Amino acid sequence: CYDEGKRCAETLFFDYKRQHNLNIRIARIFNTYGPRMHANDGRVVSNFIVQALQGDPITIYGDGTQTRSFCYVDDLINGIIDLMDAADEITGPINLGNPDEFTVLQLAELIIELTQSKSSIINKPLPGDDPKRRQPDITLAKKKLSWSPSVSLNVGLTKTIQYFKDTLEYS
(Lines give C-alpha, C1' and ligand atoms only; values in the text may rest on other atoms or scores of the structure.)
Protein backbone atom coordinates (compact mmCIF):
# COMPACT_ATOMS: atom_id res chain seq x y z
CA CYS A 1 0.00 0.00 0.00
CA TYR A 2 2.80 2.42 0.93
CA ASP A 3 4.59 2.12 -2.43
CA GLU A 4 1.34 2.24 -4.40
CA GLY A 5 0.21 5.33 -2.51
CA LYS A 6 3.41 7.14 -3.49
CA ARG A 7 3.07 6.09 -7.15
CA CYS A 8 -0.55 7.28 -7.15
CA ALA A 9 0.50 10.67 -5.73
CA GLU A 10 3.16 11.05 -8.43
CA THR A 11 0.58 10.28 -11.11
CA LEU A 12 -1.77 12.89 -9.69
CA PHE A 13 1.03 15.48 -9.73
CA PHE A 14 1.77 14.80 -13.41
CA ASP A 15 -1.95 14.97 -14.25
CA TYR A 16 -2.22 18.30 -12.41
CA LYS A 17 0.82 19.60 -14.32
CA ARG A 18 -0.79 18.62 -17.65
CA GLN A 19 -4.20 20.03 -16.79
CA HIS A 20 -3.04 23.34 -15.30
CA ASN A 21 0.33 23.84 -17.02
CA LEU A 22 2.13 24.21 -13.68
CA ASN A 23 5.74 23.44 -12.82
CA ILE A 24 6.14 20.50 -10.49
CA ARG A 25 9.02 18.67 -8.82
CA ILE A 26 8.91 15.12 -7.55
CA ALA A 27 11.54 13.87 -5.14
CA ARG A 28 11.70 10.28 -3.99
CA ILE A 29 13.13 10.41 -0.48
CA PHE A 30 15.01 7.47 1.02
CA ASN A 31 15.59 6.69 4.74
CA THR A 32 16.31 10.15 6.09
CA TYR A 33 17.53 10.56 9.66
CA GLY A 34 18.97 13.25 11.89
CA PRO A 35 18.32 15.51 14.86
CA ARG A 36 14.69 16.24 15.69
CA MET A 37 13.48 12.75 14.77
CA HIS A 38 10.77 11.65 17.14
CA ALA A 39 12.06 9.07 19.60
CA ASN A 40 9.09 6.78 18.97
CA ASP A 41 8.61 7.20 15.23
CA GLY A 42 9.26 3.51 14.62
CA ARG A 43 12.17 3.97 12.22
CA VAL A 44 15.28 1.87 12.63
CA VAL A 45 17.73 4.71 13.39
CA SER A 46 15.64 6.28 16.15
CA ASN A 47 14.66 2.86 17.55
CA PHE A 48 18.29 1.71 17.78
CA ILE A 49 19.56 4.98 19.26
CA VAL A 50 16.88 5.10 21.94
CA GLN A 51 17.39 1.43 22.81
CA ALA A 52 21.16 1.93 23.02
CA LEU A 53 20.96 5.08 25.15
CA GLN A 54 18.56 3.40 27.54
CA GLY A 55 20.71 0.26 27.72
CA ASP A 56 17.89 -1.87 26.34
CA PRO A 57 18.51 -4.73 23.92
CA ILE A 58 18.58 -3.59 20.31
CA THR A 59 15.92 -5.42 18.34
CA ILE A 60 16.85 -6.64 14.87
CA TYR A 61 14.17 -8.28 12.76
CA GLY A 62 15.63 -11.23 10.86
CA ASP A 63 19.35 -11.92 10.88
CA GLY A 64 20.33 -8.30 10.19
CA THR A 65 21.81 -8.95 6.74
CA GLN A 66 19.14 -6.86 5.01
CA THR A 67 20.64 -3.59 3.81
CA ARG A 68 19.52 -0.01 4.06
CA SER A 69 20.93 3.32 2.94
CA PHE A 70 20.68 6.25 5.32
CA CYS A 71 20.60 9.90 4.23
CA TYR A 72 21.39 12.63 6.75
CA VAL A 73 18.71 15.33 6.87
CA ASP A 74 21.05 18.19 5.82
CA ASP A 75 21.98 16.29 2.65
CA LEU A 76 18.31 15.70 1.86
CA ILE A 77 17.46 19.38 2.36
CA ASN A 78 20.28 20.39 0.01
CA GLY A 79 18.98 17.93 -2.58
CA ILE A 80 15.44 19.27 -2.33
CA ILE A 81 16.68 22.85 -2.68
CA ASP A 82 18.75 21.85 -5.72
CA LEU A 83 15.69 20.18 -7.25
CA MET A 84 13.52 23.24 -6.61
CA ASP A 85 16.16 25.49 -8.18
CA ALA A 86 16.56 23.24 -11.25
CA ALA A 87 15.37 24.13 -14.73
CA ASP A 88 11.60 23.85 -15.28
CA GLU A 89 11.94 20.78 -17.48
CA ILE A 90 13.47 18.82 -14.59
CA THR A 91 10.35 17.54 -12.89
CA GLY A 92 11.56 14.20 -11.58
CA PRO A 93 10.96 11.85 -10.09
CA ILE A 94 14.49 12.14 -8.76
CA ASN A 95 15.79 9.85 -6.04
CA LEU A 96 17.29 11.71 -3.08
CA GLY A 97 19.11 9.46 -0.67
CA ASN A 98 22.50 8.07 0.19
CA PRO A 99 23.53 5.10 -1.97
CA ASP A 100 25.98 3.77 0.65
CA GLU A 101 24.55 0.49 1.90
CA PHE A 102 24.85 -0.89 5.42
CA THR A 103 23.37 -4.02 6.91
CA VAL A 104 20.93 -3.51 9.74
CA LEU A 105 23.40 -5.41 11.93
CA GLN A 106 26.21 -2.99 10.98
CA LEU A 107 23.95 -0.07 11.91
CA ALA A 108 23.16 -1.59 15.29
CA GLU A 109 26.84 -2.28 16.02
CA LEU A 110 27.85 1.24 14.98
CA ILE A 111 25.20 2.81 17.20
CA ILE A 112 26.30 0.66 20.14
CA GLU A 113 29.88 1.81 19.54
CA LEU A 114 29.02 5.51 19.15
CA THR A 115 26.78 5.55 22.23
CA GLN A 116 29.22 3.43 24.23
CA SER A 117 26.20 1.34 25.19
CA LYS A 118 26.18 -2.02 26.91
CA SER A 119 23.11 -3.02 24.91
CA SER A 120 22.94 -6.52 23.50
CA ILE A 121 21.41 -7.38 20.15
CA ILE A 122 18.35 -9.60 19.99
CA ASN A 123 16.71 -11.03 16.89
CA LYS A 124 13.01 -11.36 16.19
CA PRO A 125 11.28 -12.87 13.17
CA LEU A 126 11.53 -10.85 9.97
CA PRO A 127 8.17 -9.62 8.63
CA GLY A 128 7.35 -11.24 5.30
CA ASP A 129 7.14 -7.94 3.42
CA ASP A 130 10.49 -6.56 4.61
CA PRO A 131 12.75 -5.75 1.63
CA LYS A 132 16.13 -7.50 1.57
CA ARG A 133 17.83 -4.49 0.02
CA ARG A 134 16.95 -0.81 -0.15
CA GLN A 135 19.39 1.42 -1.99
CA PRO A 136 18.54 4.48 -4.08
CA ASP A 137 19.97 5.00 -7.54
CA ILE A 138 20.94 8.69 -7.48
CA THR A 139 22.42 8.80 -10.99
CA LEU A 140 19.78 11.30 -12.14
CA ALA A 141 20.33 13.56 -9.11
CA LYS A 142 24.07 13.60 -9.80
CA LYS A 143 23.57 14.30 -13.50
CA LYS A 144 20.70 16.81 -13.44
CA LEU A 145 21.29 18.51 -10.07
CA SER A 146 25.02 17.92 -9.49
CA TRP A 147 23.85 16.60 -6.11
CA SER A 148 25.13 13.80 -3.97
CA PRO A 149 25.15 13.37 -0.20
CA SER A 150 28.27 14.36 1.72
CA VAL A 151 27.60 13.47 5.38
CA SER A 152 28.92 10.04 6.33
CA LEU A 153 26.83 7.71 8.44
CA ASN A 154 29.35 8.00 11.28
CA VAL A 155 29.16 11.82 11.36
CA GLY A 156 25.39 11.93 10.93
CA LEU A 157 24.78 9.35 13.64
CA THR A 158 27.08 11.19 16.04
CA LYS A 159 25.00 14.37 15.63
CA THR A 160 21.74 12.45 15.89
CA ILE A 161 22.86 10.58 19.00
CA GLN A 162 23.82 13.86 20.67
CA TYR A 163 20.36 15.22 19.92
CA PHE A 164 18.75 12.16 21.50
CA LYS A 165 21.03 12.37 24.52
CA ASP A 166 20.02 15.99 25.06
CA THR A 167 16.33 15.26 24.46
CA LEU A 168 16.03 12.10 26.53
CA GLU A 169 17.74 13.75 29.53
CA TYR A 170 14.95 16.30 29.79
CA SER A 171 11.88 14.25 28.84
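Trainee: What is the right way to read helix 4 (residues 104-115) from this model?
Mentor: Residue pairs spaced three or four apart in an α-helix point in one direction, given the helix's 3.6 residues per turn. A rise of 1.5 Å per residue sets the reference length of helix 4, with its 12 residues, at 16 Å; its end C-alpha atoms lie 16 Å apart and thus fit the reference within 8%. Looking one or two residues past helix 4, Gln116 carries a phi angle of roughly 55°, positive in sign.

Trainee: Before we go on, may I ask you to explain the nonpolar core in this structure?
Mentor: Across soluble globular proteins, nonpolar side chains show a tendency to be buried alongside one another. Counting 22 residues, the largest nonpolar core has Tyr33, Val45, Phe48, Leu107 and Leu157 as the members making the most contacts within it. Residue contributions to this core peak at 6 residues, all from helix 4. Beyond its immediate stretch of four places on either side in the chain, Val45 contacts Tyr33, Met37, Phe70, Leu107, Ile111 and Leu157. Core analysis: the next-biggest nonpolar cluster, separate from the first, contains 11 residues, Cys71, Leu83, Ile94 and Ile138 among them.

Trainee: Explain the pattern of salt bridges to me, please; I cannot follow it from the model alone.
Mentor: When their charged atoms lie close together, side chains carrying opposite charge are able to pair. Applying the stated rule across the entire model yields 5 salt bridges. The shortest N-O distance in the salt bridge between Asp88 and Arg25 comes to 3.7 Å. Within this pair, whereas Asp88 is found in the loop between helix 3 (73-85) and strand 6 (94-96), its partner Arg25 is found in the loop between helix 1 (2-20) and strand 1 (27-29), the two being separated by 63 residues in sequence.

Trainee: I keep staring at the packing of helix 2 (residues 44-53) against helix 4 and nothing clicks. Help me out?
Mentor: Between helix 2 and helix 4, the least distance of the axes is 9 Å, while the angle of their chain directions is 40°. In terms of orientation, helix 2 and helix 4 fall into the oblique class. In the crossing of helix 2 with helix 4, the sense of the turn from one axis to the other is right-handed. Residues Val44, Val45, Phe48, Ile49, Ala52 and Leu53 of helix 2 lie in contact with helix 4, whose contacting residues are Val104, Leu107, Ala108, Ile111 and Thr115. In the contact of helix 2 with helix 4, the residues fall into 10 nonpolar, 1 polar and no charged.

Trainee: Help me out: how do you make sense of unusual backbone geometry in this one?
Mentor: Each neighbour pair has its own omega, and for Gly92 with Pro93 the value is 5°, a cis peptide bond. Mapped onto the elements, Pro93 comes out in the loop between helix 3 and strand 6. One non-glycine residue, Arg36, lies in the positive phi region at around 80°. Looking at where Arg36 falls in the secondary structure, it is placed in the loop between strand 2 (32-33) and helix 2. For Arg36, a relative accessible area of 73% corresponds to the exposed category.

Trainee: Mind showing me how you'd approach helix 2 here?
Mentor: With 7 of 10 residues buried, helix 2 lies mostly within the body of the structure. Regarding helix 2, the residues found buried are Val45, Ser46, Phe48, Ile49, Val50, Gln51 and Ala52. The first or second residue beyond helix 2 is Gly55, which carries a positive phi of 75°.

Trainee: Whenever I open this one, a nonpolar patch on the surface confuses me. Can you help?
Mentor: Together, Ile29, Ile80 and Met84 give the surface a local cluster of nonpolar side chains, amounting to about 260 Å² of exposed area. If you trace the backbone, Met84 turns up in helix 3. On the accessibility criterion, Met84 (52% relative accessible area) is exposed.

Scoring rules and cut-offs
Residues numbered from 1 in each chain as written. Predicted model: local features only at pLDDT ≥ 70, side-chain atom pairs only at ≥ 80, totals over all residues. Heavy atoms only, no water. Helix = DSSP H or I, 4+ residues; strand = E, 2+ residues; numbered from the N terminus. Expected span 1.5 Å × (residues − 1). Core = buried A, V, L, I, M, F, W, Y, C linked by side-chain atoms within 4.5 Å. Buried < 20%, exposed > 50% of the residue type's maximum accessible area, 1.4 Å probe, protein only. Contact = heavy atoms within 4.5 Å. Salt bridge = Lys/Arg side-chain N within 4 Å of Asp/Glu carboxyl O. Axes fitted to C-alpha atoms, helices over the stretch in contact; angles between N-to-C directions. Parallel < 35°, antiparallel > 145°, perpendicular 65-115°, else oblique. Left-handed = near helix turned anticlockwise from the far one by under 90°. Nonpolar A, V, L, I, M, F, W, Y, C, P; charged D, E, K, R; others polar. Patch = residues over 30% accessible without salt bridge, like charges linked within 9 Å, V, L, I, M, F, W, Y side chains within 5 Å. Areas by Shrake-Rupley, 256 points an atom, 1.4 Å probe, with all protein chains shown as cover.

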